[in-house]
Amino acid sequence: MAAVKVPHMNAGDGETSYAKNSLLQKTVILKVRPFLEETIKDMFSSSSPTCFKVADLGCSSGPNTLLVVSEIIDIIQGICHQVNRKSPEFQVFLNDLPENDFNSIFKSIPAFYEILKREKLYNFGACFISGLPGSFYDRLFPTATLHFVHSSYSVHWLSKVPENLENNKGNIYMAKSSPPSVYKAYLEQFQKDFSLFLSLRSEEIICGGRMLLTFIGRSVADPWSKDCCYLWELLTKSILELVDEGLVEESELDSFNLPFYTPYAEEVREIIENQGSFNLEKIEIFEVNWDPNDDVDNKKFVFNKEKSGKSVASCIRAVTEPILASHFGEGVTDTLFARYAKHVAEHLALEKTKFINIVVSITKK
């Protein structure tokens, strides 16, 4: 099977960029704010470091990157204001793979510092932001240096495509037509990767330090449920149309699988407990529409299917285009995502489908 790199998002600020098409991720970050606030308040009830060291793993680029940092500073500022305490200094590490668009992040930091100076007036210390390229499936920080680790919409990406997927022909992920061995391979790779992730972070986080992780999952044990598979089945359907038209070779489809896994909450709980480095404080599930622009109070279907189809396709394109283009070629992506938008629109006109999100708060033992 052909090797597939773990993806990075579309760079820059163009029409297909992640920066322009990450409303879904922003919606999730804002919905997690109460969990973030609760986690940090718990930390500061027992300690008050003079320099709060935080890492955002899988930070990507665009407006969401510094939104997370701003949320964390806001929460700590509020805590300090309540108890009439000087705010700590902040040392923030923004981590993602080396291919990430760090240049865009660095260009936005001076303006962010100016905003902090204007708005964070109450006994504000100082903030020092740096980029840290590298995989979070490797060690990234010195031993026992971090107070808090945040990661949103990143840990569901695996370190590599699982092995032994040769019998998953005609699919790019787990699907109803996939044999049970495909689910087994994906689950085992996630168990291995998430256990490693926890082990590495346990070395880098201080005793009593916290992690807050948010990732796409599923609400039921059934690995073939629409919760996690149907979005990718529609993308597969779009690729199959290109195969039928001779734009993509069938062998290229058969040799491609996504390095991605949507876990069931109990699978996550079991891995955390078995790995043993962290206490599980909270694990909860919440839903977000495939199209976060669609906030109409209608639970059954979208009213403007073409608009929602394009919105969802643009979001998925911003996330997956680099990995798809590297395998199928850059020349097919415009056609592929136009077909995908059409298929998503047809589905959402019949059924308003949700992303299932799992948020986990854990403490280093």
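For the structure, check the block above.
Residues numbered from 1 in each chain as written. Predicted model: local features only at pLDDT ≥ 70, side-chain atom pairs only at ≥ 80, totals over all residues. Heavy atoms only, no water.

Engineer: When you look at the overall build of the protein in this model, what are you seeing that I'm missing?
Structural biologist: Each helix and strand counted, the protein has ten helices and seven strands in total. Within the protein, the fraction of its 365 residues that count as buried is 56%. For the protein, contacts bridging at least 24 residues in sequence account for 84% of all contacts bridging at least 6. When the accessible surface of the protein is totalled, it reaches about 15,600 Å², and 51% of it is carbon and sulfur. Seen as two clouds, the 38 positive and the 48 negative side-chain charges of the protein have centres 5 Å apart. (Helix = DSSP H or I, 4+ residues; strand = E, 2+ residues; numbered from the N terminus. Buried < 20%, exposed > 50% of the residue type's maximum accessible area, 1.4 Å probe, protein only. Contact = heavy atoms within 4.5 Å. Areas by Shrake-Rupley, 256 points an atom, 1.4 Å probe, with all protein chains shown as cover. Lys, Arg positive; Asp, Glu negative; His and termini not counted. Charge placed at Lys NZ, Arg CZ, Asp CG, Glu CD.)

Engineer: So what exactly am I meant to see when it comes to the nonpolar core here?
Structural biologist: The biggest cluster of nonpolar side chains holds 115 residues, and the ones touching the most others in it are Phe194 and Phe197. The biggest single contributor to this core is helix H3 (residues 63-82), with ten residues. Among residues more than four places away in sequence, those in contact with Phe197 are Leu57, Phe136, Tyr137, Val155, Met211 and Leu213. (Core = buried A, V, L, I, M, F, W, Y, C linked by side-chain atoms within 4.5 Å.)

Engineer: I would appreciate a short explanation of H3 in the present structure.
Structural biologist: One turn of the α-helix equals 3.6 residues, which is why residues spaced by three or four share an orientation. Look at H3: 29 Å from first C-alpha to last across 20 residues, which is about the 28 Å you get at 1.5 Å a residue. The element H3 is extensively covered by neighbouring structure, given that 15 of its 20 residues are classed as buried. Of the residues trailing H3, Asn84 is marked for its positive phi of about 55 degrees. (Expected span 1.5 Å × (residues − 1).)

Engineer: In this structure, what is going on with the sheet that holds strand E6 (residues 278-289)? I would like to understand it.
Structural biologist: Sheet strands pair by backbone hydrogen bonding; their relative direction is either parallel or antiparallel. Taken in spatial order, the seven strands line up as E3-E2-E1-E4-E5-E7-E6 in an open sheet, and their pairing is mixed. Looking at strand neighbours, the two that pair on one side only are strand E3 (127-133) and E6, the edges of this open sheet. Ignoring which end each strand starts from, the neighbouring axes of this sheet average 15 degrees apart. Relative to strand E2 (residues 89-96), strand E1 (residues 51-57) runs parallel, the two sharing seven bridges. By the bridge assignment, Ala55 is partnered in E2 with Phe93. Set on the sheet, helix H8 (residues 265-275) makes contact with strand E5 (205-217), E6 and strand E7 (354-364); between it and E6 the angle comes to about 160 degrees. (Pairing = 2+ DSSP bridges. Axes fitted to C-alpha atoms, helices over the stretch in contact; angles between N-to-C directions.)

Engineer: Looking at this structure, I do not really get the side chain of Asp291. What am I missing?
Structural biologist: As for its placement among the helices and strands, Asp291 is situated in the loop between E6 and helix H9 (305-328). At 3.0 Å, the side chain of Asp291 and the backbone nitrogen of Asn293 are in polar contact. Within polar-contact distance, the side chain of Asp291 engages the side chain of Ser311 at 2.8 Å. Discounting chain neighbours no more than four positions away, the residues touching Asp291 are Ser308, Ser311 and Val312. (Polar contact = N/O pair within 3.5 Å; in protein donor to acceptor, adjacent residues only side chain to side chain.)

Engineer: What is the right way to look at the environment of Gly276 in this model?
Structural biologist: Structurally, the position occupied by Gly276 is in the loop between H8 and E6. Each C-alpha atom of the pair Gly276 and Ser199 lies 8.7 Å from the other, and the pair is 77 residues apart in sequence.

Engineer: Would you mind showing me how to read the pattern of salt bridges here?
Structural biologist: Pairing is possible between side chains that carry opposite charge, provided their charged atoms lie close to one another. All told, the structure shown has 20 salt bridges when counted by the stated rule. Of the charged contacts in the structure, one is a salt bridge between Asp42 and Arg210, with a shortest N-O distance of 3.9 Å. Highlighted residues: Asp42 in helix H2 (residues 33-46) and Arg210 in strand E5, separated in sequence by 168 residues. Judged by relative accessible area, Arg210 falls into the buried class, the value being 7%. Among the salt bridges present, the one from Glu266 reaches Arg269, with a minimum N-O distance of 3.4 Å. Placement of both Glu266 and Arg269 in helix H8 is noted, with a separation of three residues, approximately one turn of the helix. Residue classification places Glu266 among the partly exposed positions, given a relative accessible area of 39%. Looking at Arg269, the relative accessible area reads 30%, which means it is partly exposed. Where salt bridges share partners, they join Arg33, Glu37, Lys41 and Glu71 into one cluster. (Salt bridge = Lys/Arg side-chain N within 4 Å of Asp/Glu carboxyl O.)

Engineer: What am I meant to see in the packing of aromatic side chains here?
Structural biologist: Aromatic rings in a pair are described by how distant their centres are and how their planes are angled relative to each other. This structure, assessed with the given rule, holds 17 aromatic pairs. With a centroid separation of 5.0 Å and an interplanar angle of 70 degrees, the aromatic rings of Trp157 and Phe260 are classed as edge-to-face. Here the residue Trp157 occupies a position in the loop between strand E4 (146-152) and helix H5 (180-204), and Phe260 occupies one in the loop between helix H7 (250-254) and H8, the gap between them amounting to 103 residues. Exposure remark for Phe260: the relative accessible area of 3% places this residue in the buried category. Taken together, the ring pairs in this structure connect Phe136, Tyr137, Phe190, Phe194, Phe197, Phe215 and Tyr261 into an aromatic cluster. The lysine or arginine in question, Arg201, covers the ring of Phe197, its NZ or CZ lying 5.1 Å from the ring centre. (Phe/Tyr/Trp six-rings, centres within 6.5 Å; stacked < 30°, edge-to-face > 60°. Lys NZ or Arg CZ within 6 Å of the ring centre and 35° of its normal.)

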